[in-house]
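Residue-level structure breakdown
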Amino acid sequence: MRLFVSALFSVVLLVFLLVFNTQYLYAQAPVIKYTTPRVYVINKPIAPLAPANTGGAVPATIYGQVSTVADYSFVSAFFTITGLVVDNAGNFFVEDWGGNQIKKLTPAGNLSVFAGSGAAGSADGNGLAASFSEPDAIIIGPTGDFFVSDQASNLIRKVTINADVTTFAGSGAAGATDGKGKAASFNSPRGLAVDGLGNIYVADQANNLIRKITPDGTVSTYAGNGTMGSADAATPLSASFNTPTAVELDTQGNLYVSDTGNGAVRKITPAGVVSTFARGFNFPRELKADGTGNVYVGDQADNVIKRISPTGVVTVVAGSGARGGVDGVGKAASFAGTIGMAVDGKGNLFLGESGNNMIRKLVITGYTIDKALPAGLTFDATTGKITGTPTVLWPATDYTITAYNATGSNSTVLNLQVVFEIVLKPSIITFPPPVNINIDADNILHPDATSTNTETPVTYTSSNPAVAYIGTDGQIHVIAPGVTTITANQAGNENYSPANAVQEVFTIKQNQVINFPAIAVKSTCSADFAVGAISSNALIPLVYSNTNPAVATVSATGSIHIVGPGTTTITVSQAGSTLYNEALPVSQTLTVNPLITPSVKISPDFYASCDGLLLSYTATPTNGGNNPTYQWKLNGNNSGDNTDVYSSTTLKTGDVITCIVTNNDQCTPVSSPVSKPVSLSSDPFVTIGLVITSSATTVDAGTPITFKATASANVQIAPAYTWMVNGQIAGTSSATFTSNTLSNGDVVTCGILIAGKCIVNPSVTSNSITVSISIPEKIIIPNAFTPNGDGSNDTWSIAALLSYPNCTVNIYNRYGAAVYQSKGYQYPWDGRMNGKQLPAGTYYYIIDTQKNNQKLSGPVTILR
C-alpha cells in the first residue's frame with residue numbers, strides 16, 4: 001500500500017509541476033562554483049571573483065530586501081489581513097478577517113471588494129451577496145478557482161473568478177466528521193494548500209488534525225489522531241499536533257505544517273511519515289516552500305520571516321524582531337503580525353500584516369554570504385561577485401555563498417586568505433610513460449599530462465598536424481595514424497609560475513574494424529556468392545576461414561561455394577601493421593537448407609460406397625511448388641493420370657489408393673514419400689421386400705385385429721411406415737397396426753420408406769389383406785316362462801346364445817343362491833334345480849358372452 005501511495009504521489013507531483021507550478025518546469029535552481037582556494041596579497045587589488053553558474057539564472061536582486069506594496073495602516077481599508085494570494089496578472093486577493101470580506105488590489109493600486117457583504121455569515125451568492133465569517137486563508141486551485149477557509153463558520157468555501165461563492169465542504173457545525181461536501185465538519189479551519197490534482201489540505205486547528213478534500217468535495221482525515229500533542233509517527237493518523245495553523249506542499253510531495261502550539265514546523269512525507277522538521281519558533285503562522293526545499297515561515301509573534309533549509313537549519317531572512325513597518329534589507333526591516341503569505345513564482349514573497357494592515361514584498365532571489373569578508377573586499381549581493389583591495393591579513397577562511405532564484409537555491413564553499421606576499425609555486429608538467437595510443441572512438445587524443453598547478457590549464461601543440469592537430473576547443477584531434485610529438489605548456493598565475501614545456505612522442509595506431517553482415521539462409525541450389533565483409537582499412541587484405549567444408553568452401557577473395565546442407569562458421573580476420581592494430585575477427589553462421597521435400601495428403605481417407613459408383617480422391621500437396629506432378633497408385637501399382645484428382649468406377653472393397661507428389665521448382669525434382677493410404681468398402685445393390693400379416697382374417701364386429709409389417713434384410717436405418725385402409729392413410733409410423741373399427745371387406749396395405757446403403761427401391765408397398773367381419777345375432781332375453789309341461793313356453797329359451805358357445809349363464813334366487821349354471825346354452829333352462837321343479841317366483845340371471853366384455857343381467861319369473 002505504501003508503494004502505491006508513493007507512486008500515486010509521484011503522479012500528483014508531476015501534474016503539480018506541469019499545471020500549477022510552471023516556474024519549476026521552465027527554470028531550474030542555480031548551480032554555482034568559485035575557483036577556490038583564493039590567496040590574495042594585502043593592499044593589492046584583486047581581480048574580480050565571480051561565481052560560475054551552470055544552473056538557472058540568478059536575478060540581479062538583493063536577497064532579503066523588504067519593500068511596501070500597499071500601506072493601509074492609516075485608513076480603514078482592512079480590519080485584519082490574514083491571507084492573500086497573487087494571480088498571474090499581479091492582482092492581489094486579500095482576506096479581511098475582521099471585515100469578513102475578500103478584497104482585490106490591482107497592480108495599479110485600485111482596491112475593491114471582490115466578495116462578501118461584510119456581515120458575518122455563511123450565505124452563498126455572487127460578490128457582495130455572499131457572506132463570510134472570519135475568512136482566514138485563501139489559495140488558487142489548478143482550475144483558477146479560489147478556496148477560502150471560513151474559520152468561524154467552520155466551512156471551506158469556493159469562489160470562482162467571477163466571484164460566485166459556494167460552500168465546498170463542511171456542515172457549519174464544529175466537528176471532525178469525514179464525508180462528502182456538507183456531510184463533513186471542521187472546527188476552526190485555517191491554513192490551506194492544494195496539489196496539482198486539485199486535492200486541498202486543511203489545517204483543522206481546533207481539531208488538531210490535517211484534513212484532505214478531493215476535487216469532488218470528499219473530506220477525509222489526512223494526519224493526526226485528534227489529541228493535542230507533538231508525537232511524530234510512521235503513519236500519519238498516529239501523529240499528534242498542537243494548534244496547526246498552516247500547511248504547504250513542496251515539489252516532492254512533502255506536506256509542511258505550522259504546528260503553532262509546539263513552536264515547530266512538522267513534515268509529512270508522501271509515504272505518510274510524520275516528523276518534526278524544525279523548532280525555534282514563537283508563533284509560526286503561514287509558510288511557503290521553494291523548488292529545492294527551502295521553507296519560509298512567518299513567525300507571527302516574533303515579527304520575523306525565517307527560512308528553514310532542506311537540512312532543517314533555521315535562519316532569519318528579514319525582520320528585526322521589533323514591531324514596526326520599516327522597509328530595508330534583512331534584519332533592518334520590521335513587521336507587525338505577519339500572517340498572510342503568497343509567492344508569485346518570480347522570486348518574490350508577499351506578506352499580509354495583521355498589525356500594520358500592510359502588504360509587503362520580500363525578495364528571495366540574489367546571493368548571500370554567511371560571514372564578513374576581510375576589510376577592503378566587497379560582496380555584491382546582486383551578482384555574487386567579490387571585488388576590492390584587502391587591507392588586513394586574513395587567515396584561510398571558508399565562506400558559504402548561496403544563490404537563490406525563483407526555483408530554489410544552491411550553496412558552495414569558497415576558501416579565502418590574505419597574506420603579505422605570495423611565493424609562486426612551480427608548475428611541473430608530467431606525462432605518463434610513453435605508450436602506443438589508439439585513436440579513440442571520438443578521434444580525440446588524450447595525452448593525460450598532469451601538473452602541480454591545478455589553477456591554470458595545460459595546453460598542447462602537435463608537431464605533425466597531418467596526424468593530429470589542436471582544435472579550437474583545445475583538444476587534440478587525431479585524423480590519421482602516424483607519429484607526432486605533443487608539447488605540453490602551462491601559463492602561471494598569482495599562485496604558480498609558468499611551467500617548462502614538456503614533450504612526448506606518440507605513435508598513434510588505428511583500430512581496424514571489420515563489418516561482416518549476417519549471411520542469409522541458403523539452399524543447396526544457391527549460386528556462389530560473396531562473403532560481403534568490409535574493413536575500415538582497405539590497405540590490408542581480409543583473410544577468410546571456414547569450419548565445415550562439407551557445407552561450403554570460401555576462396556581467398558571471399559567467394560562462397562555451396563557444397564551441401566548443414567551449418568558452417570565463416571570467420572573474417574585482418575592482420576595488423578606498424579600503424580594499424582589487428583582487427584577483431586568477426587564470424588557469421590552460414591546455414592544451408594536441404595532441398596525442400598514435399599508431402600501429400602489424400603482426402604477423403606475412406607469411402608463407403610456401392611458397386612459401380614464413381615469415386616474421386618483429391619491429393620493436397622505441401623511444399624509441392626508451382627508445378628507439381630502426381631503419381632497415383634492402386635494397390636501399389638501406378639494408376640490414374642498426372643492430376644491432383646483420382647477417379648474410378650471399378651474400385652472394390654479392400655482396394656488401397658496412394659499418391660506421390662514431385663516438386664519441380666528446385667534445381668532438381670524432389671519427390672515426396674508415399675502418402676498415407678486411403679481405402680474403401682463397396683457393397684452390392686439390394687431390393688427390399690415388405691410383407692404384412694394379421695392376427696385374424698375373420699372376426700366379429702368390434703374385435704381388434706393387429707397387422708404386422710416385415711421388411712426383408714439390409715434395412716440399415718429405422719424405416720418410416722405408412723398404413724393404408726382402402727387406400728386411405730391410417731395408423732402411425734410403426735411396424736404394427738391395430739384397429740377394432742374395420743368393416744367387412746376392408747383392404748389393408750402398408751408402405752415403407754427406407755434410408756440405407758445401396759438400396760434399389762427405397763419406397764415399397766406390401767401385399768394386401770381383406771378383412772372379414774361377422775355380425776352376431778341380437779340377444780333377446782324373455783323375462784318369464786311357464787314350465788308346466790303343456791308344450792308351450794316350457795323353457796327359458798334364448799336362441800341368440802347359440803352364437804356364443806363360450807358364454808356362461810348363472811341364475812340366482814332372491815337369496816343369492818345359485819339355482820342354475822351353464823357353460824354354453826345349447827339346452828335351455830326348464831325351471832328345475834337338480835331335477836326338481838323350483839317354485840314360482842322371480843329369479844335373477846347374469847350372462848357373460850365372453851366377447852367384447854359383453855355381460856347381460858336381469859330378472860326372470862317362473863309362472864306355474
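Residues numbered from 1 in each chain as written. Predicted model: local features only at pLDDT ≥ 70, side-chain atom pairs only at ≥ 80, totals over all residues. Heavy atoms only, no water.

1. Concerning the overall build of the chain
If you tally the helices and strands in the chain, you get 2 helices and 80 strands. The C-alpha atoms of the chain give a radius of gyration of 60 Å, which is well past the 29 Å a tight globule of 864 residues would have. Along the three orthogonal principal directions, the C-alpha set of the chain runs to about 190 × 100 × 45 Å. In the chain, which comprises 864 residues, the proportion classed as buried is 45%. Sequence separation of 24 or more characterises 54% of the internal contacts of the chain that already satisfy a separation of 6 or more. Working note: accessible area of the chain is about 40000 Å², and carbon and sulfur atoms make up 55% of it. Each charge class in the chain was averaged separately, 44 positive and 52 negative side chains, and the resulting centres sit 9 Å apart. (Helix = DSSP H or I, 4+ residues; strand = E, 2+ residues; numbered from the N terminus. Rg over C-alpha atoms; globule rule 2.2 N^0.38 Å. Buried < 20%, exposed > 50% of the residue type's maximum accessible area, 1.4 Å probe, protein only. Contact = heavy atoms within 4.5 Å. Areas by Shrake-Rupley, 256 points an atom, 1.4 Å probe, with all protein chains shown as cover. Lys, Arg positive; Asp, Glu negative; His and termini not counted. Charge placed at Lys NZ, Arg CZ, Asp CG, Glu CD.)

2. Comments concerning the sheet that holds strand β12 (residues 155-159)
Pairing between the strands of a sheet comes from backbone hydrogen bonds, and it takes one of two forms, parallel or antiparallel. Strands sit in the order β9-β13-β12-β11-β10 across an open sheet of 5 strands; the sheet is antiparallel. Either end of the sheet is taken by a strand with one partner, and the two such strands are β9 (125-126) and β10 (135-140). Both strand β11 (residues 146-150) and β12 contribute to a ladder of 5 bridges, which runs antiparallel. Across the sheet, the residue bridging to S149 is I156, located in β12. (Pairing = 2+ DSSP bridges.)

3. A word on the state of the cysteines
For the structure on display, the rule yields 2 disulfides. Between C525 and C667 runs a disulfide, and the two sulfur atoms are separated by 1.7 Å. When the S-S torsion is -65°, as for the bridge of C525 with C667, the disulfide is left-handed. Taken together, the residues span a long stretch of sequence, with C525 in the loop between β46 (522-523) and β47 (529-530) and C667 in the loop between β61 (656-663) and β62 (670-671) at a distance of 142 residues. The exposure class of C525 is partly exposed, given its relative accessible area of 30%. Two residues, C610 and C758, share a disulfide whose sulfurs are 1.8 Å apart. Classification of the bridge connecting C610 and C758 rests on its S-S torsion, roughly -110°, and on that basis the disulfide is left-handed. (Disulfide = S-S within 2.5 Å.)

4. Quick word on the nonpolar core
Of all hydrophobic cores here, the largest spans 23 residues; its most connected members are F707, W723 and V748. Residue assignment for this core shows that the elements contributing at least two residues are β64 (690-694), β66 (705-711), β67 (720-725) and β70 (747-753). Residue contacts for F707: discarding those within four places in its chain leaves T693, S694, W723, A735, T736, F737, L742, V748, I769 and V771. (Core = buried A, V, L, I, M, F, W, Y, C linked by side-chain atoms within 4.5 Å.)

5. Notes on the UniProt feature "domain: Ig-like" (unreviewed entry) in the chain
Under the local residue numbering, the UniProt record ascribes the feature "domain: Ig-like" (unreviewed entry) to residues 598-675. The annotated region residues 598-675 carries 0% helix and 53% strand content, and the separation between its end C-alpha atoms amounts to 10 Å. (UniProt positions renumbered as here; feature names shortened; annotations may be inferred.)

6. What to know about a nonpolar patch on the surface
A cluster of nonpolar side chains, contributed by L613, F685 and V760, occupies part of the molecular surface with about 280 Å² of accessible area. Looking at where V760 falls in the secondary structure, it is placed in the loop between β70 and β71 (763-765). (Patch = residues over 30% accessible without salt bridge, like charges linked within 9 Å, V, L, I, M, F, W, Y side chains within 5 Å. Salt bridge = Lys/Arg side-chain N within 4 Å of Asp/Glu carboxyl O.)

7. Points about the UniProt feature "repeat: NHL" (unreviewed entry) in the chain
UniProt annotation of "repeat: NHL" (unreviewed entry) refers to residues 180-216 when read in the numbering used here. Split by type, residues 180-216 is 0% helix and 46% strand. Its first and last C-alpha atoms lie 8 Å apart.

8. Thoughts on the pairing of strand β25 (residues 304-308)
Within β25, 5 of the 5 residues are buried, which leaves the element mostly enclosed by the surrounding structure. Residues V304, K306 and I308 point to one face of β25 and I305 and R307 to the other, with burial holding for every one of them. In the sheet, strand β24 (residues 295-299) pairs with β25 via 5 bridges, with the strands oriented antiparallel. Pairing of Y296 across the sheet is with R307, part of β25. Counting the residues that bridge the hairpin from β24 to β25 gives 4 residues, and of these N303 lies at a positive phi of roughly 60°. Across 4 bridges, β25 lies against strand β26 (residues 314-318) in antiparallel orientation. From the neighbouring strand, I308 faces β26, where its bridge partner is V314.

9. What about the confidence of the model for the chain?
This prediction gives the chain a mean pLDDT of 90; 95% of its residues lie at or above 70. In this model residues 1-26 is a low-confidence stretch, pLDDT under 50, and it forms 41 contacts with partners more than four residues away in sequence or in other chains. (pLDDT = per-residue confidence, 0-100.)

10. Topic: the side chain of N91
Tracing the backbone through its elements, the reader meets N91 in the loop between β5 (81-86) and β6 (92-96). N91 sits in the buried class, given a relative accessible area of 12%. With residues near it in sequence (within four places) discarded, N91 still touches V85, V86, K104, L105, T106 and P107.

11. Notes on the pattern of salt bridges
Under the defined criterion, the tally for this structure stands at 17 salt bridges. The salt bridge involving K103 is made with D96; its shortest N-O contact spans 3.2 Å. You'll find K103 and D96 in the same group, each marked buried. For the salt bridge of K306 with D302, the shortest nitrogen-to-oxygen distance reads 3.9 Å. Of the residues examined, K306 reaches a relative accessible area of 9% and is grouped as buried. Among the residues examined, D302 registers a relative accessible area of 25% and is labelled partly exposed.

12. What to know about the sheet that holds strand β18 (residues 218-223)
Read from one edge to the other, the open sheet built from 5 strands follows the order β14-β18-β17-β16-β15, with strand pairing classed as antiparallel. Edge positions in the sheet fall to β14 (179-180) and β15 (189-194), since each has one partner strand and no second. Here strand β17 (residues 209-213) pairs with β18 via 4 bridges, running antiparallel. The residue of β18 that forms the bridge with R211 is T221.

13. Topic: the pairing of strand β30 (residues 358-363)
The element β30 is largely enclosed, with a buried count of 5 among its 6 residues. Relative to β30, strand β4 (residues 65-71) runs antiparallel, the two being bridged by 5 bridges. Note that in β30 the partner of S67 across the bridge is K361. Relative to β30, strand β29 (residues 348-353) is paired through 6 bridges, and the arrangement is antiparallel. Residue pairing across strands places N348 opposite V363, the latter belonging to β30. As consecutive antiparallel partners, β29 and β30 are separated by 4 residues, and within that stretch N357 has a phi angle of approximately 55°, a positive value.

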